[in-house]
Amino acid sequence: QRYALAFSIAHRFRSSTIRALERIYTDSWGVTATTTDARYMIDVAKPLRIWPHVRVHAQTRADFYKLAYEVTKNDNGQDVVPAILTGDRELGPLVKLTFGGGARYAFGEHRNWGVLLYGDAIYTRFLEHLYVKNRWGVFGALGLEVDIE
């Protein structure tokens, strides 16, 4: 079971827009997380808009996640293995930072068509894992959109 609460705020200035989003999340596995995302879109020229982008995500571990699992003995001397085991570092505590930006070039008779270019770098720090302590990733996209009124 998952539960999330999200809210966003945006403000339009004369030639720019700032937008921020916050999401708070919890689930039945005991993971609690927060994600903050912000963009500042700047109208450079009539057809061109650019923006820097930053996102921060942090989460706690799932209830059953452990750095290392151990086998115990019951009263009869039999081995007891934990009921749930995972090596998935994404279920452990982590912090993730994303930064980058994008651009949109509008065209067409009413400037309702747009070519979009996105680029982000993502750094993840795993706070409780034996082998993998951090990870870098990149995201890039090229898109085409149309505004229909």
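Bear in mind the structure is a predicted one, so any value in this text is a computation, not a measurement. (Residues numbered from 1 in each chain as written. Predicted model: local features only at pLDDT ≥ 70, side-chain atom pairs only at ≥ 80, totals over all residues. Heavy atoms only, no water.)

J.: I tried to follow the overall build of the protein chain on my own but got confused; where do I start?
T.: Within the protein chain one finds zero helices and nine strands. Written out in order from the N terminus, the α and β elements of the protein chain read β-β-β-β-β-β-β-β-β. In summary, the protein chain has a C-alpha radius of gyration of 22 Å against a globular reference of 15 Å for 149 residues, an excess of more than 25%. Taking the principal axes of its C-alpha atoms as reference, the protein chain extends roughly 80 × 30 × 25 Å. Residues classed as buried in the protein chain amount to 25% of the 149 residues present. In the protein chain, of all internal contacts separated by at least 6 residues, the share reaching a separation of at least 24 is 50%. A total accessible area of about 10400 Å² is found for the protein chain, and carbon and sulfur atoms account for 59% of it. Counting 19 positive and 16 negative side-chain charges, the protein chain places the centres of these two groups 6 Å from one another. (Helix = DSSP H or I, 4+ residues; strand = E, 2+ residues; numbered from the N terminus. Rg over C-alpha atoms; globule rule 2.2 N^0.38 Å. Buried < 20%, exposed > 50% of the residue type's maximum accessible area, 1.4 Å probe, protein only. Contact = heavy atoms within 4.5 Å. Areas by Shrake-Rupley, 256 points an atom, 1.4 Å probe, with all protein chains shown as cover. Lys, Arg positive; Asp, Glu negative; His and termini not counted. Charge placed at Lys NZ, Arg CZ, Asp CG, Glu CD.)

J.: Sorry if this is basic, but what is going on with the pattern of salt bridges here?
T.: Proximity of charged atoms lets side chains of opposite charge pair with each other. Inspection of the entire model under this criterion finds nine salt bridges. In this structure, the salt-bridge partner of aspartate 37 is arginine 39, at a minimum N-O distance of 4.0 Å. Arginine 39 carries the same exposure label as aspartate 37, and that label is buried. The salt bridge involving arginine 104 is made with glutamate 145; its shortest N-O contact spans 2.4 Å. On the criterion of sequence distance, the pair formed by arginine 104 in strand 7 (residues 94–107) and glutamate 145 in strand 9 (residues 134–146) is long-range, its members being 41 residues apart. Residue class for arginine 104 comes out buried when judged on its relative accessible area of 12%. Overall, glutamate 145 belongs to the partly exposed group, its relative accessible area being 29%. (Salt bridge = Lys/Arg side-chain N within 4 Å of Asp/Glu carboxyl O.)

J.: Where do I start with the packing of aromatic side chains in this structure?
T.: The description of an aromatic ring pair rests on the distance of the ring centres and on the angle between the ring planes. For the structure shown, the criterion picks out five aromatic pairs. When the ring of phenylalanine 107 is compared with that of tryptophan 113, the centres are 6.4 Å apart and the planes differ by 25°; the resulting orientation is stacked. Phenylalanine 107 sits in the partly exposed class, given a relative accessible area of 32%. In this structure tryptophan 113 comes out as partly exposed when scored by relative accessible area, which is 37%. (Phe/Tyr/Trp six-rings, centres within 6.5 Å; stacked < 30°, edge-to-face > 60°.)

J.: Please explain the sheet that holds strand 9 as it appears in this structure.
T.: Pairing between the strands of a sheet is mediated by backbone hydrogen bonds and can be parallel or antiparallel. Ordered in space as 1-2-3-4-7-8-9, the seven strands form an open sheet in which the pairing is antiparallel. In this open sheet, the two strands that pair with only one neighbour each are strand 1 (2–12) and strand 9. For this sheet, the mean angle separating the axes of adjacent strands, direction not counted, is 10°. (Pairing = 2+ DSSP bridges. Axes fitted to C-alpha atoms, helices over the stretch in contact; angles between N-to-C directions.)

J.: Looking at this model, I keep getting lost on the side chain of histidine 53. Mind explaining?
T.: Position of histidine 53 relative to the elements: it lies in strand 4 (residues 48–59). According to the relative accessible area criterion, histidine 53 is buried, its value standing at 7%. For histidine 53, the side chain forms a polar contact with the side chain of aspartate 120, separated by 3.1 Å. Setting aside anything within four residues of it in sequence, one finds histidine 53 in contact with Asp37, Ala38, Arg39, Thr98, Phe99, Gly100, Gly101 and Asp120. (Polar contact = N/O pair within 3.5 Å; in protein donor to acceptor, adjacent residues only side chain to side chain.)

J.: I'm lost on the side chain of aspartate 120 in this one. Help?
T.: Tracing the backbone through its elements, the reader meets aspartate 120 in strand 8 (residues 113–126). Within polar-contact distance, the side chain of aspartate 120 engages the backbone nitrogen of glycine 100 at 3.4 Å. Among all residues touching aspartate 120, those that are not within four sequence positions of it are His53, Thr98, Phe99, Gly100, Gly101, Gly137, Val138 and Phe139.

J.: What exactly am I supposed to notice about unusual backbone geometry here?
T.: Leaving glycine aside, a negative phi is the common case for residues, and trans is the common case for peptide bonds. The backbone of arginine 111 sits at a positive phi, close to 55°, despite the residue not being glycine. Residue position: arginine 111 is located in the loop between strand 7 and strand 8. Owing to a relative accessible area of 40%, arginine 111 belongs among the partly exposed residues under this scheme.

Note that every value here comes from positions in space, so none of it alone points to a role or purpose.
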